[in-house]
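Descriptive analysis of the structure
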Amino acid sequence: MSDADVDSDARQFSRALMVAIESGDVDVQATAWSDVRDVLARLSESRAIHGASPSETATFVLSLKQPIFHALRRRATDQNQLADLIWTASTLLDQLGLLVTELHQKAREGVIARQQQEMMELSTPVITLWEGVLALPVIGTLDSARTQVVMESLLQRIVDTGSVIAILDITGVPTVDTLVAQHLLKTVAAARLMGADCIISGIRPQIAQTIVHLGVDLNAVTTKATLADAFALALRRLGKAVTRTPPRSESASLTPAASAGA
Amino acid sequence: MTSLSAESLPVETSEHVVSVRQAVRRRAVELGFSLVDQTKIITAASELARNAIQHGGGGEVIIETIALQGRRGLRLAFADRGPGIADVARAMTDGYSTAGGLGLGLSGAKRLSHEFAIEAAPGTGTRVVIVRWK
């Protein structure tokens, strides 16, 4: 955040603050303070998005204490009046400080919610590997909300592309517990109802052993260790083969595993 | 059995299942568990944490690094505030679920651990303790 931005924020804030103070109302939730609240909401949000901490944002307001107390000391005629004035100003600034912290928190929560939403969509891309063959590389935790998105996007793409084979690759799923297994089985069953066969690939040795101990029965599903194995199987089922041809300078390269399996 | 270090984590929401898994993974790595052993204890923790939330209305887990006769291990104690389990033997049966799951969580967690203990008298909540040695 540049000095010019801070300067402009400070000007807007002090202008709004003057107007509010002149109203004589000392409740920051009152209508007279709506401009102040708006200015603070805007600047808390921009600071939160830029990664400032709540205390840094609150300091923007609380740093006014010192100059205000100085000014009050010069104006006050006696000690009692000074104490009263400082109490009023202090309460007011504390309220504003808390308000800023709350607004900051709200803005951060907004950022997090948006990121979660983005991640949910980003991490479930359905890829067409070949005509009639879809692949879905699943990465991260397969909790309920994610699984729903995964399932919907896969089923939709099966319809859109008329695919007959879908490969669910779980190389990027760190933990396969019974809930994840159940979600996978349900996705496979739903795809089957739509006329597509599913292959689950990316089953690492430690996951395989854990699934066996858990007692999850994946016998109804075709599984492969790697995506390349699954792709080779898919091509075989479609009656396609990858063959070796004399190398040409601009020829498209194919994966060795796919050509070996064909 | 001596306790080397322990931490307590809340188990209230499905986000907590993720944080419990991560904490267990961190400790298993610290203890030098093999990848297979790590995956087993993490998966067992995931099952028990989800049970505590789904059936027990939430609770907490104490994750403890322990030592016994020169061996070191990881001990997880889940305690929830739920109604307990009326028929523990039945709940431990493969394929028995009251929540539409696969019914393998509790029995699977037992098979993934070296030691398994469950206290689930109706009305007192359920307490499940598992240990996996290195």
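Residues numbered from 1 in each chain as written. Chains lettered and ligands numbered in written order. Predicted model: local features only at pLDDT ≥ 70, side-chain atom pairs only at ≥ 80, totals over all residues.

So, the overall build of chain B
Along chain B, the regular secondary structure elements total four helices and five strands. In chain B, the succession of α and β elements from N to C terminus is β-α-α-β-β-α-α-β-β. Taken over the C-alpha trace, chain B has a radius of gyration of 14 Å; the compact-globule value for 134 residues is 14 Å, and the two agree within 12%. Among the 134 residues that make up chain B, the fraction classed as buried is 40%. Residue pairs at least 24 apart in sequence account for 65% of intrachain contacts in chain B once pairs closer than 6 positions are excluded. (Helix = DSSP H or I, 4+ residues; strand = E, 2+ residues; numbered from the N terminus. Rg over C-alpha atoms; globule rule 2.2 N^0.38 Å. Buried ≥ 20, exposed ≤ 12 C-beta atoms within 10 Å, placed from the backbone. Contact = placed C-beta atoms within 7 Å.)

Details of the overall build of chain A
The helix and strand tally for chain A stands at ten helices and five strands. Computed over C-alpha atoms, the radius of gyration of chain A comes to 31 Å, more than 25% over the 18 Å expected from 2.2 N^0.38 for 262 residues, which places it beyond the range of a compact globule. Its C-alpha atoms put chain A at 95 × 50 × 30 Å along the principal axes. Looking at the 262 residues of chain A, the share that counts as buried comes to 27%. In chain A, 72% of the contacts between residues at least 6 apart in sequence involve partners at least 24 apart.

Some details on the sheet that holds strand β1 (residues 127-130) of chain A
Residue and element names in this part refer to chain A. Taken in spatial order, the five strands of this open sheet run β1-β2-β3-β4-β5, and their pairing is mixed. Either end of the sheet is taken by a strand with one partner, and the two such strands are β1 and β5 (222-223). Examined bridge by bridge, strand β3 (residues 165-172) and strand β4 (residues 197-201) share five bridges and lie parallel to one another. In the strand pairing of β4, leucine 168 is matched with isoleucine 200. The strands touched by helix α7 (residues 178-193) within the sheet are β3 and β4, with β4 carrying the most contacts at an inclination of about 150°. Helix α9 (residues 227-237) rests against β1, β2 (133-139), β3 and β4 of the sheet, and its axis sits at about 175° to β3. (Pairing = 2+ DSSP bridges. Axes fitted to C-alpha atoms, helices over the stretch in contact; angles between N-to-C directions.)

Focus on the sheet that holds strand β2 (residues 59-68) of chain B
Residue and element names in this part refer to chain B. With respect to topology, five strands assemble into an open sheet ordered β1-β2-β3-β5-β4, the strand pairing being antiparallel. Two strands lie at the open edges of the sheet, namely β1 (2-11) and β4 (115-119), each paired on one side alone. Here the average twist between neighbouring strands, direction ignored, is 15°. Pairing of β4 with strand β5 (residues 127-133) involves five bridges; the strand directions are antiparallel. Across the sheet, residue isoleucine 118 finds its bridge partner in β5, namely valine 128. Most of the contacts of helix α1 (residues 14-30) go to β1, to which it runs at about 165°, and overall it touches β1, β2 and β3 (71-80). Helix-sheet contacts for helix α2 (residues 35-54) involve β1, β2, β3 and β5, and the interaxial angle to β3 is about 15°.

Here we look at the domain arrangement of chain A
Domain assignment breaks chain A into domain 1 (3-117) and domain 2 (127-261). For domain 1 of chain A and domain 2 of chain A, the distance between their C-alpha centres works out to 55 Å. (Domains from an automatic or database assignment.)

What about the interface of chain B and chain A?
If you look at the interface, chain B gives 21 residues, while chain A gives 16 residues. Broken down by secondary-structure element, the contributors of at least two residues to the side of chain B that touches chain A are α1, α2 and α4 (105-111) of chain B. For the side of chain B that touches chain A, the leading source of residues is α2 of chain B, giving nine residues. Residues that form the side of chain B that touches chain A fall into these classes: seven nonpolar, eight polar and six charged. (Nonpolar A, V, L, I, M, F, W, Y, C, P; charged D, E, K, R; others polar.)

As for the nonpolar core
Counting 64 residues, the largest nonpolar core has Leu136, Ala166, Ile167 and Leu168 of chain A together with Ala45, Ala49 and Phe78 of chain B as its most contacted members. In terms of residues, this core owes the most to one element, α2 of chain B, which gives seven residues. Beyond its immediate stretch of four places on either side in the chain, alanine 49 of chain B contacts Val11, His16, Val17, Val20, Val61 and Phe78 of chain B. Core analysis: the second largest hydrophobic core is formed by 15 residues, Leu17, Trp33, Leu96 and Val100 of chain A among them. (Core = buried A, V, L, I, M, F, W, Y, C linked by C-beta atoms within 7 Å.)

Some thoughts on the environment of valine 149 of chain A
Within the fold, valine 149 of chain A resides in helix α6 (residues 144-161). Taking the C-alpha atoms as reference, valine 149 of chain A lies 22 Å from glutamate 109 of chain A; in sequence the two are 40 residues apart.

Observations regarding the packing of α1 of chain B against α2 of chain B
All names here are of chain B. Between α1 and α2, the least distance of the axes is 9 Å, while the angle of their chain directions is 155°. By the criterion of interaxial angle, the relationship of α1 to α2 is roughly antiparallel. Helix-helix and strand crossings are classified by hand; for α1 and α2 the assignment is right-handed. Each of Ser14, His16, Val17, Val20, Arg21, Val24, Arg25, Ala28 and Val29 in α1 lies in contact with α2, whose residues at this interface are Asp37, Gln38, Ile41, Ile42, Ala45, Ser46, Ala49, Arg50 and Ile53. (Parallel < 35°, antiparallel > 145°, perpendicular 65-115°, else oblique. Left-handed = near helix turned anticlockwise from the far one by under 90°.)

A few points about the confidence of the model for chain B
This prediction gives chain B a mean pLDDT of 92; 100% of its residues lie at or above 70. The ipTM, which scores confidence in the relative placement of chains, is 0.85 for this predicted complex, and the corresponding pTM is 0.70. (pLDDT = per-residue confidence, 0-100.)

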